[in-house]
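# Inside the fold
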Amino acid sequence: QVQLAESGGGLVQAGGSLTLSCVASERTITGAAMGWFRQAPGKEREFVAAMSRSGTATYYTDSVKGRFTISRVVTKNTWYLQMNSLKPEDTAVYYCAATSGSFTDSRSYEYWGQGTPVTVSA
């Protein structure tokens with residue numbers, strides 16, 4: 001079973017940057033699509049960004065387009081979410097997830113990390 005572990009969350013001022021990492025426990029990176037989700041207190045989980053299995057296609061929710069970038073390093077079994085120009089409304093627990101299905105279908109994600117908190121202060 002694939003295990004995912006996020007890191008890189010923390011406290012940052014508005015306008016700042018953070019890079020989240022997600023390491024997979026085994027070499028499934030080339031066979032899985034990966035996504036990043038977030039859940040703010042009192043809100044439903046939101047699908048933030050994703051990358052196709054081939055790594056050639058990406059998805060971003062409108063609120064993060066132009067600010068967040070998803071990437072991966074296959075040799076390290078690792079995905080990244082580079083977050084720039086952070087806003088207080090980006091505050092949430094961020095989760096990485098993997099799917100053998102469609103990377104744009106948020107319901108298809110089967111494996112989840114434990115989450116890493118991101119707090120953006122005004």
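Read on for a plain summary of the structure.

Cut-off values and rules
- Residues numbered from 1 in each chain as written.
- Predicted model: local features only at pLDDT ≥ 70, side-chain atom pairs only at ≥ 80, totals over all residues.
- Heavy atoms only, no water.
- Helix = DSSP H or I, 4+ residues; strand = E, 2+ residues; numbered from the N terminus.
- Contact = heavy atoms within 4.5 Å.
- Pairing = 2+ DSSP bridges.
- Buried < 20%, exposed > 50% of the residue type's maximum accessible area, 1.4 Å probe, protein only.
- Salt bridge = Lys/Arg side-chain N within 4 Å of Asp/Glu carboxyl O.
- Disulfide = S-S within 2.5 Å.
- Core = buried A, V, L, I, M, F, W, Y, C linked by side-chain atoms within 4.5 Å.

### Let's talk about the environment of Pro117
Among the structural elements, Pro117 can be located in strand β11 (residues 116-121). With 106 residues separating them in the primary sequence, Pro117 and Leu11 have C-alpha atoms 8.4 Å apart. With residues near it in sequence (within four places) discarded, Pro117 still touches Gly9, Gly10, Ala92 and Val93.

### Some details on the pairing of strand β7 (residues 68-73)
Two elements, β7 and strand β8 (residues 78-83), share 6 bridges in a ladder whose sense is antiparallel. Within β8, the position partnered with Val73 by the bridge is Thr78. Hairpin connection from β7 to β8: 4 residues lie between these consecutive antiparallel strands, with Asn77 at a positive phi of about 50°.

### Some thoughts on the environment of Gln114
On the secondary structure map, Gln114 appears in the loop between β10 (111-112) and β11. The class of Gln114 is partly exposed, set by a relative accessible area of 49%. In this structure the C-alpha to C-alpha distance between Gln114 and Tyr94, which are 20 residues apart in sequence, comes to 8.8 Å. Setting aside residues up to four positions removed in sequence, Gln114 forms contacts with Leu4, Ala5, Glu6 and Tyr95.

### Some remarks on the pattern of salt bridges
Evaluation of the coordinates by the stated rule reveals 5 salt bridges. Taking the shortest distance from any N to any O, the salt bridge between Arg38 and Glu46 comes out at 2.8 Å. With a relative accessible area of 6%, Arg38 lands in the buried category. Residue class for Glu46 comes out partly exposed when judged on its relative accessible area of 27%. Ionic pairing is found between Lys65 and Asp62, a salt bridge with its closest N-O pair at 3.0 Å. Salt bridges sharing common partners tie together Arg38, Glu46, Arg67 and Asp90.

### A few points about the state of the cysteines
Tallied over the full model, the rule gives 1 disulfide. Between the sulfur of Cys22 and that of Cys96 lies a disulfide, 2.0 Å long from S to S. Negative torsions about the S-S bond denote left-handed disulfides, and the value of about 60° found for Cys22 with Cys96 makes this one right-handed. Of the two residues, Cys22 sits in strand β3 (residues 18-24) while Cys96 sits in strand β9 (residues 92-99), which places them 74 residues apart along the sequence. We note that Cys22, like Cys96, is buried.

### Structural notes on the nonpolar core
One finds Leu4, Trp36, Phe68, Leu81, Met83 and Tyr94 to be the most contacted residues of the largest nonpolar core, which totals 28 residues. Sorting the residues of this core by element identifies β3, β4 (33-39), β5 (46-51), β7, β8, β9 and β11 as the ones contributing at least two each. If near-sequence neighbours (up to four positions away) are discounted, Met83 is found in contact with Gly16, Ser17, Leu18, Leu20, Arg67, Phe68, Tyr94 and Val118. Ala33, Phe37, Phe47 and Ala50 belong to the second largest nonpolar core, which has 7 residues in total.

Geometric values such as these leave the question of function open.
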